[in-house]
Each structure stands twice: as structure tokens, then as C-alpha cells.
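# Chains, contacts and geometry: an overview
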Amino acid sequence: MNIMKRRMQAEWERQSAVQLTWPHEHTDWAPILPEITAVYEQMAQEIRKRESLIVVDDIPHNDTWARDHGFITVEENGTNVLLDFRFNGWGEKFEAELDNQINRHLHDKGIVKGVYEDHLNFVLEGGSIESDGKGTVFTTTCCLMAPHRNQPLTQADIEVRLKEYLGAERIVWLNHGSLIGDDTDGHIDTLVRICPDDTIIYTGGDSDHPDLDLMEEELKALRTLDGKPYRLLKLPLPRPIYDDDYRLPATYANYLVINDAVLVPTYRQPDLDAEAMQMIGEAYPDREIVGIDCCAVIKQHGSLHCCTMQYY
């Protein structure tokens, strides 16, 4: 009897392509379109050096956060399964209906290959989950239990679905951690990232973010499925960056792992940028660490990882 077993891959596993959904004049990027286009061009250049690039530019879309409207990929008996979840603008904060048409188009045109699986009755954003590739999926309660996502489902209800859809043996729920200016209700990819060899890299706090200290204590108490503590690496938090009087949610944790490299957001703070890149290099010693200026990206409250989605 062939037992079907699925697994959500870790981001550092070998990839076939990365998706960028391109900025245009009808998105929120319009006021800084030349500036943000230059950042996307740099991301595209670095990705194309190492793997294929999928650019979504001729499909109508509301915005460009591929991490949250793109397919979430799992492996099942050696086959890629493309999970198409509903994106509702991070809890109905923004319009997202056009974004929900992108995945079906990419699959129907054969651009993204795999078995299509429709989960458009369930809200789940790629930035809200992290996998170690070994059966553990990490998320935050403040995001997945936030209003206007999957109510009236309880946390237990959502955990059952995550285990089924993603093939997870366990779901680790972090109960603390969020950034000032964050629209996502605490996406884990702004706070905590899972790395090879049972390593966790995470965002440190400052006086304005006491909840990050509580998150750190949660991580210290966390154990692997084998009962061992994780190796913890603490990232600096960028010094405050403002758009008018609004503090933007800058974070170094929002990096992207691609084949043979890690693309790291930088914020024109040379000392902290260098410290963060060195720390991420400790987690990925076999990869080139490439900094990309994301000061333009955070003006729309996201960063580098949010702009991208990888496929296997």
C-alpha cells in the first residue's frame, strides 16, 4: 500500500524559480515607481544569476507581495503540490481580489508546474509560516488568529488544517512578537526564520518593542522534535526609519534564501547592515550573502522576502 505523505520544504532546499510580481503605476507603488522598480531590477538580476525567474507583469494585480498571494508548495511522493490559498489583504485591510487570480493563470499556462490544489476557502499567507522541512511549521498566534481571516475557526481548528494541508507533524505557535508599522498582524518572516541545522535566527528588540523580548524567551524554551534546544542567532533591529511621522517596519529577518545565496535587506545603516549580514552568513556559511537596499520597499510596509515566492 502506498501511503501518501506530504512535506512543506524548507526555503534553503534546491529551487527551480522565484516569482516577482512587478510594480506598476496602478499599484500603491505609483508615487515612487522609478525607485521601487530599481530595487526589483536588482532582485531580478541576483535571482537570474542562480535560477529561473518568473515575472508577473501582464496579469492584472492589486499589489506586488508575491509571498502572500503566491502558491505555497509542498512535496508529496516526489511531486510538487501547489496550494492556492485565499489572500484577503491581511485581514481585509486592502483590496486583493485581482491577486487571487494570479496562481490559476500561472498554473494553467504551465509557468508554474505541479498539481494544483484549491484552498481558496481558507486564508493563509506565505509570510505567516516557516518550515524546517522536517515536519515542524512555525507561525504566530497574533497573525493566524487575527480578525477577518478564518473566523469562527479556533486555534485548534486552524492547526488541524495546517497539519493536513502542509503535512506538518507539529505546529509551533509563537505568542509574542510584532513590529511597529506592520500591516500583517505579525508575519513570522519579519520576526523569526528557520535555518539549517536546527538554527533559528530572530529579530532583537529595542525600547519600543518589549514584546520581542518575550518572543526571545519563547524561543529559548523551544525544543526540536528530538528534544534538543535550538541554536539561536539574534539579529539587530534597524534604527527607526520614518515616512513622515510613521515608523516603518524595517527588519533584517525578511531575507530570501535562493540557490547558493541569501539576499538580505539593508537600510543604509552600514554598521547594522554589516552586523545583520554577518549573522545571516553564520546561519548560511555555504552561501554568498548579498545585500539589497530595501529603503524603498518598506515604504509600503514590507521588505525583500515579502516581494518574492520560491518554487521547487
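Just above sits the structure.
My aim in this report is to walk through the structure given alongside it, one point at a time. (Residues numbered from 1 in each chain as written. Predicted model: local features only at pLDDT ≥ 70, side-chain atom pairs only at ≥ 80, totals over all residues. Heavy atoms only, no water.)

Let us look at the pattern of salt bridges. Counted by the stated rule, this structure contains 26 salt bridges. When the shortest N-O distance is used, the salt bridge between Arg7 and Glu13 registers 2.7 Å. Overall, the relative accessible area of 22% leaves Glu13 in the partly exposed class. Two residues, Arg14 and Asp260, come together in a salt bridge whose shortest N-O distance is 3.4 Å. Of this pair, Arg14 sits in the loop between β1 (6–7) and β2 (17–21) while Asp260 is found in the loop between β15 (256–258) and β16 (261–266), placing the two residues 246 residues apart along the sequence. Given the relative accessible area of 57%, Arg14 is considered exposed. The partly exposed category is assigned to Asp260, whose relative accessible area is 42%. By sharing partners, the salt bridges in this structure join Glu11, Arg67, Glu130 and Arg193 into a single network. (Salt bridge = Lys/Arg side-chain N within 4 Å of Asp/Glu carboxyl O. Buried < 20%, exposed > 50% of the residue type's maximum accessible area, 1.4 Å probe, protein only. Helix = DSSP H or I, 4+ residues; strand = E, 2+ residues; numbered from the N terminus.)

Now for the packing of aromatic side chains. Going through the model one piece at a time under the given rule, you end up with 11 aromatic pairs. Seen in terms of ring centroids, Trp90 and Phe94 are 5.7 Å apart; in terms of plane orientation they differ by 85°. Their pairing is edge-to-face. Of the aromatic side chains, those joined through ring pairs into one cluster are Phe85, Phe122 and Tyr165. Directly above the aromatic system of Tyr116 lies the positively charged group of Arg104, at a separation of 3.7 Å from the ring centroid. (Phe/Tyr/Trp six-rings, centres within 6.5 Å; stacked < 30°, edge-to-face > 60°. Lys NZ or Arg CZ within 6 Å of the ring centre and 35° of its normal.)

What the three strands build is an open sheet, ordered β15-β16-β17; its pairing is mixed. Both outer strands of the open sheet, β15 and β17 (288–293), are each paired with one neighbouring strand and no more. This sheet shows a mean twist of 25° between the axes of neighbouring strands, independent of strand direction. Alignment of β16 against β17, held across six bridges, turns out to be parallel. Bridged to Leu263 within β17 is Val290. Along the sheet, helix α1 (residues 33–48) makes contact with β15, β16 and β17, crossing β17 at roughly 165°. (Pairing = 2+ DSSP bridges. Axes fitted to C-alpha atoms, helices over the stretch in contact; angles between N-to-C directions. Contact = heavy atoms within 4.5 Å.)

Below, the discussion takes up the nonpolar core. As a rule of thumb, nonpolar side chains are buried together in soluble globular proteins. Judged by nonpolar contacts, the single largest core of 67 residues is most densely connected at Val192, Tyr255 and Tyr284. Per-element tally for this core: the top contributor is α1, with six residues. Residue contacts for Val192: discarding those within four places in its chain leaves Glu130, Leu174, Ile200, Ile201, Tyr202, Met215 and Leu219. Counting 19 residues, the second largest nonpolar core, distinct from the first, contains Met8, Ile72, Phe122 and Trp173. (Core = buried A, V, L, I, M, F, W, Y, C linked by side-chain atoms within 4.5 Å.)

So, about the sheet that holds strand β8 (residues 136–140). Strand order across the open sheet formed by three strands is β7-β8-β9, with mixed pairing between neighbours. Edge positions in the sheet fall to β7 (130–131) and β9 (170–174), since each of these pairs with one other strand and no more. Of the pairings in the sheet, the one linking β7 to β8 comprises two bridges and is antiparallel in character. Residue pairing across strands places Ser131 opposite Val137, the latter belonging to β8.

Another point: helix α7 (residues 210–221). The end-to-end C-alpha distance of α7, which contains 12 residues, comes to 18 Å, matching closely the 16 Å that a straight helix rising 1.5 Å per residue would cover. All of the buried residues along α7 are Leu212, Met215, Glu216, Glu218 and Leu219. Along the axis of α7, the buried residues cluster in a sector spanning 160°; they form a single face. Of the exposed residues in α7, those oriented more than 90 degrees away from the buried face are Pro210 and Ala221. Turning to α7, the residues buried within the fold contact β9, β10 (192–195), β11 (199–203) and β12 (231–235). (Expected span 1.5 Å × (residues − 1). Arc of directions from axis to C-beta.)

The next thing to look at is the pairing of β10. Residues Val192 and Ile194 of β10 are buried on one face, and the alternating residues Arg193 and Cys195, pointing to the opposite face, are buried as well. Across four bridges, β10 lies against β11 in antiparallel orientation. Bridged to Val192 within β11 is Tyr202.

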